[in-house]
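# Summary of structural features
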Amino acid sequence: MNTLAPPAPLWLPVAANAVGFNLAWAVTVFGAAGGLSWAGPAALLVFATIQLSLAARPRYDLAAMGVFALAGLVIDSAWSLAGILSYAAPWPSPALAPAWLVSLWASFALTLGHSLAWLRPRKVLAAVFGLLGGGFSYWVGARIGAVELAIPGWQYALGVGLCWAVALPVLISLTARVARPRLPAHQR
(Lines give C-alpha, C1' and ligand atoms only; values in the text may rest on other atoms or scores of the structure.)
Protein backbone atom coordinates (compact mmCIF):
# COMPACT_ATOMS: atom_id res chain seq x y z
CA MET A 1 0.00 0.00 0.00
CA ASN A 2 1.43 3.36 -1.09
CA THR A 3 0.93 5.95 1.65
CA LEU A 4 2.58 8.78 -0.25
CA ALA A 5 0.25 11.29 -1.81
CA PRO A 6 0.79 11.93 -5.50
CA PRO A 7 2.62 15.17 -6.27
CA ALA A 8 0.53 18.20 -7.08
CA PRO A 9 0.20 18.91 -10.79
CA LEU A 10 2.85 21.34 -12.06
CA TRP A 11 0.25 23.91 -13.09
CA LEU A 12 -1.32 24.11 -9.62
CA PRO A 13 1.13 26.60 -8.02
CA VAL A 14 1.00 28.78 -11.13
CA ALA A 15 -2.79 28.80 -11.12
CA ALA A 16 -2.88 29.45 -7.37
CA ASN A 17 -0.54 32.43 -7.85
CA ALA A 18 -2.73 33.90 -10.59
CA VAL A 19 -5.89 33.42 -8.53
CA GLY A 20 -4.16 34.86 -5.45
CA PHE A 21 -3.11 37.99 -7.32
CA ASN A 22 -6.56 38.51 -8.82
CA LEU A 23 -8.14 38.16 -5.38
CA ALA A 24 -5.62 40.65 -3.97
CA TRP A 25 -6.37 43.02 -6.88
CA ALA A 26 -10.13 42.82 -6.28
CA VAL A 27 -9.85 43.31 -2.50
CA THR A 28 -7.45 46.22 -3.00
CA VAL A 29 -9.34 48.09 -5.73
CA PHE A 30 -12.86 47.53 -4.42
CA GLY A 31 -11.61 48.31 -0.91
CA ALA A 32 -10.08 51.59 -2.08
CA ALA A 33 -13.27 52.50 -3.95
CA GLY A 34 -15.11 51.92 -0.66
CA GLY A 35 -12.72 54.16 1.27
CA LEU A 36 -10.82 51.30 2.90
CA SER A 37 -7.19 52.37 2.56
CA TRP A 38 -6.07 49.36 4.62
CA ALA A 39 -7.58 46.76 2.26
CA GLY A 40 -4.60 46.80 -0.13
CA PRO A 41 -1.91 46.39 2.52
CA ALA A 42 -4.01 43.65 4.18
CA ALA A 43 -4.47 41.81 0.86
CA LEU A 44 -0.73 42.09 0.17
CA LEU A 45 0.10 40.76 3.63
CA VAL A 46 -2.07 37.67 3.10
CA PHE A 47 -0.94 37.07 -0.51
CA ALA A 48 2.76 37.63 0.27
CA THR A 49 2.67 35.43 3.36
CA ILE A 50 1.19 32.54 1.41
CA GLN A 51 3.32 33.09 -1.69
CA LEU A 52 6.62 33.48 0.19
CA SER A 53 5.94 30.39 2.30
CA LEU A 54 5.51 28.34 -0.89
CA ALA A 55 8.18 29.98 -3.05
CA ALA A 56 11.25 28.06 -4.12
CA ARG A 57 13.06 31.40 -4.65
CA PRO A 58 11.73 33.84 -2.04
CA ARG A 59 14.74 36.12 -2.67
CA TYR A 60 13.40 36.91 -6.14
CA ASP A 61 9.89 37.58 -4.79
CA LEU A 62 11.20 39.90 -2.08
CA ALA A 63 13.39 41.79 -4.56
CA ALA A 64 10.48 42.12 -6.99
CA MET A 65 8.18 43.42 -4.27
CA GLY A 66 10.70 46.08 -3.26
CA VAL A 67 11.51 47.18 -6.81
CA PHE A 68 7.88 47.34 -7.92
CA ALA A 69 6.60 49.02 -4.75
CA LEU A 70 9.21 51.76 -5.10
CA ALA A 71 8.42 52.17 -8.81
CA GLY A 72 4.71 52.31 -8.03
CA LEU A 73 5.26 54.99 -5.42
CA VAL A 74 7.28 57.12 -7.85
CA ILE A 75 5.17 56.58 -10.99
CA ASP A 76 1.74 56.89 -9.40
CA SER A 77 2.83 59.86 -7.28
CA ALA A 78 3.96 61.54 -10.51
CA TRP A 79 0.51 60.98 -12.07
CA SER A 80 -1.11 62.48 -8.99
CA LEU A 81 1.27 65.43 -8.67
CA ALA A 82 0.72 66.21 -12.36
CA GLY A 83 -3.02 66.51 -11.62
CA ILE A 84 -3.91 63.75 -14.07
CA LEU A 85 -5.72 61.66 -11.46
CA SER A 86 -6.70 61.49 -7.85
CA TYR A 87 -7.07 58.43 -5.68
CA ALA A 88 -9.89 57.15 -3.52
CA ALA A 89 -8.69 56.36 0.01
CA PRO A 90 -5.61 58.59 -0.44
CA TRP A 91 -3.86 57.61 2.78
CA PRO A 92 -1.21 58.64 3.81
CA SER A 93 -1.20 61.73 1.53
CA PRO A 94 -3.53 63.01 -1.21
CA ALA A 95 -0.52 64.15 -3.24
CA LEU A 96 1.29 60.80 -3.28
CA ALA A 97 0.40 57.32 -4.42
CA PRO A 98 -1.71 55.79 -1.66
CA ALA A 99 -0.61 52.78 0.37
CA TRP A 100 -3.26 50.60 -1.26
CA LEU A 101 -1.84 51.27 -4.74
CA VAL A 102 1.78 50.72 -3.71
CA SER A 103 0.60 47.44 -2.15
CA LEU A 104 -1.01 46.52 -5.44
CA TRP A 105 2.30 47.04 -7.27
CA ALA A 106 3.99 44.74 -4.73
CA SER A 107 1.22 42.15 -5.18
CA PHE A 108 1.70 42.26 -8.96
CA ALA A 109 5.44 41.73 -8.44
CA LEU A 110 4.66 38.39 -6.77
CA THR A 111 3.38 37.06 -10.11
CA LEU A 112 6.68 37.58 -11.95
CA GLY A 113 8.38 34.57 -10.42
CA HIS A 114 5.32 32.40 -10.88
CA SER A 115 2.22 32.86 -13.06
CA LEU A 116 3.89 35.58 -15.19
CA ALA A 117 7.41 34.10 -15.12
CA TRP A 118 7.13 33.47 -18.86
CA LEU A 119 7.35 37.27 -19.37
CA ARG A 120 10.75 37.64 -17.75
CA PRO A 121 12.92 36.50 -20.70
CA ARG A 122 10.58 38.05 -23.28
CA LYS A 123 11.07 41.81 -23.05
CA VAL A 124 8.95 42.65 -26.11
CA LEU A 125 6.04 40.58 -24.80
CA ALA A 126 6.51 42.20 -21.37
CA ALA A 127 6.20 45.61 -23.07
CA VAL A 128 3.03 44.54 -24.90
CA PHE A 129 1.64 43.06 -21.68
CA GLY A 130 2.41 46.34 -19.88
CA LEU A 131 0.80 48.40 -22.65
CA LEU A 132 -2.44 46.42 -22.62
CA GLY A 133 -2.64 45.24 -19.01
CA GLY A 134 -1.45 48.43 -17.34
CA GLY A 135 -3.81 50.72 -19.20
CA PHE A 136 -6.74 48.34 -18.83
CA SER A 137 -6.16 47.86 -15.10
CA TYR A 138 -6.24 51.60 -14.40
CA TRP A 139 -9.25 52.09 -16.65
CA VAL A 140 -11.13 49.40 -14.71
CA GLY A 141 -9.98 50.98 -11.43
CA ALA A 142 -11.49 54.27 -12.59
CA ARG A 143 -14.77 52.57 -13.55
CA ILE A 144 -14.94 50.98 -10.08
CA GLY A 145 -14.20 54.31 -8.37
CA ALA A 146 -10.71 53.67 -6.99
CA VAL A 147 -9.23 56.49 -9.07
CA GLU A 148 -10.69 59.61 -10.63
CA LEU A 149 -9.25 60.68 -13.96
CA ALA A 150 -8.86 64.35 -14.93
CA ILE A 151 -8.57 63.43 -18.62
CA PRO A 152 -10.71 61.08 -20.74
CA GLY A 153 -10.30 57.45 -19.71
CA TRP A 154 -8.99 56.24 -23.06
CA GLN A 155 -6.26 58.92 -23.04
CA TYR A 156 -5.26 58.01 -19.53
CA ALA A 157 -5.32 54.27 -20.32
CA LEU A 158 -3.07 54.92 -23.33
CA GLY A 159 -0.66 57.04 -21.26
CA VAL A 160 -0.52 54.50 -18.45
CA GLY A 161 -0.20 51.69 -20.97
CA LEU A 162 2.76 53.39 -22.64
CA CYS A 163 4.33 54.01 -19.22
CA TRP A 164 3.90 50.34 -18.31
CA ALA A 165 5.19 49.26 -21.73
CA VAL A 166 8.48 50.93 -20.86
CA ALA A 167 8.48 50.28 -17.11
CA LEU A 168 7.65 46.55 -17.04
CA PRO A 169 10.68 45.26 -18.99
CA VAL A 170 12.97 47.72 -17.16
CA LEU A 171 11.61 46.70 -13.74
CA ILE A 172 11.91 42.99 -14.60
CA SER A 173 15.59 43.52 -15.51
CA LEU A 174 16.21 45.60 -12.40
CA THR A 175 14.57 42.94 -10.22
CA ALA A 176 16.86 40.26 -11.67
CA ARG A 177 19.89 42.40 -10.76
CA VAL A 178 18.64 43.11 -7.24
CA ALA A 179 17.72 39.45 -6.64
CA ARG A 180 21.10 38.13 -7.80
CA PRO A 181 23.04 36.70 -4.85
CA ARG A 182 25.96 38.89 -3.83
CA LEU A 183 29.39 37.54 -2.99
CA PRO A 184 31.07 38.95 0.09
CA ALA A 185 33.70 41.61 -0.76
CA HIS A 186 36.57 39.23 -0.01
CA GLN A 187 35.26 36.67 -2.56
CA ARG A 188 34.78 39.06 -5.52
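Residues numbered from 1 in each chain as written. Predicted model: local features only at pLDDT ≥ 70, side-chain atom pairs only at ≥ 80, totals over all residues. Heavy atoms only, no water.

Right, let's talk about the overall build of the chain for a bit. Assigned secondary structure in the chain consists of six helices and two strands. Each helix (α) and strand (β) of the chain, taken in turn from the N terminus, gives the series α-α-α-β-α-α-β-α. Computed over its C-alpha atoms, the radius of gyration of the chain comes to 18 Å, within 12% of the 16 Å expected for a compact globule of 188 residues. Overall, the chain is about 65 × 45 × 30 Å in size when its C-alpha atoms are taken along their principal axes. Counting all 188 residues of the chain, 43% fall into the buried class. In the chain, 73% of the contacts between residues at least 6 apart in sequence involve partners at least 24 apart. For the chain, the accessible area works out to roughly 10,300 Å², and carbon and sulfur atoms hold 73% of it. (Helix = DSSP H or I, 4+ residues; strand = E, 2+ residues; numbered from the N terminus. Rg over C-alpha atoms; globule rule 2.2 N^0.38 Å. Buried < 20%, exposed > 50% of the residue type's maximum accessible area, 1.4 Å probe, protein only. Contact = heavy atoms within 4.5 Å. Areas by Shrake-Rupley, 256 points an atom, 1.4 Å probe, with all protein chains shown as cover.)

Below, the discussion takes up the nonpolar core. Within the largest apolar cluster, 48 residues are counted, with the highest numbers of intra-cluster contacts made by Phe68, Trp100, Trp105, Phe108, Trp164 and Leu168. Listing elements by their share of this core, those giving two or more residues are α1 (11-33), α2 (39-54), α3 (58-81), β1 (85-87), α4 (99-109), α5 (123-144) and α6 (153-179). For this core, the element with the highest residue contribution is α3, accounting for 10 residues. Setting aside residues up to four positions removed in sequence, Phe108 forms contacts with Phe21, Phe68, Leu116, Phe129, Trp164 and Leu168. (Core = buried A, V, L, I, M, F, W, Y, C linked by side-chain atoms within 4.5 Å.)

Mapped onto the elements, Gly40 comes out in helix α2. For the pair Gly40 and Leu158, spaced 118 residues apart in the sequence, the C-alpha separation amounts to 25 Å. Discounting chain neighbours no more than four positions away, the residues touching Gly40 are Thr28, Trp100 and Ser103.

Turning our attention to α5. Here α5 spans 30 Å end to end across 22 residues, near enough to the 32 Å set by a 1.5 Å rise per residue. Listing the buried residues of α5 in full gives Ala126, Gly130, Gly134, Gly135, Tyr138, Val140 and Gly141. Gly145 lies just past α5 and shows a positive phi near 105 degrees. (Expected span 1.5 Å × (residues − 1).)

Remark: α1 packs on α4, axes separated minimally by 10 Å, with the N-to-C direction vectors making an angle of 170 degrees. The angle between α1 and α4 falls in the class roughly antiparallel. Mapping the contact onto sequence places Phe21, Ala24, Trp25, Thr28, Val29 and Ala32 in α1 and Trp100, Leu104, Ser107 and Phe108 in α4. Here the residues of the contact of α1 with α4 sort into eight nonpolar, two polar and no charged. (Axes fitted to C-alpha atoms, helices over the stretch in contact; angles between N-to-C directions. Parallel < 35°, antiparallel > 145°, perpendicular 65-115°, else oblique. Nonpolar A, V, L, I, M, F, W, Y, C, P; charged D, E, K, R; others polar.)

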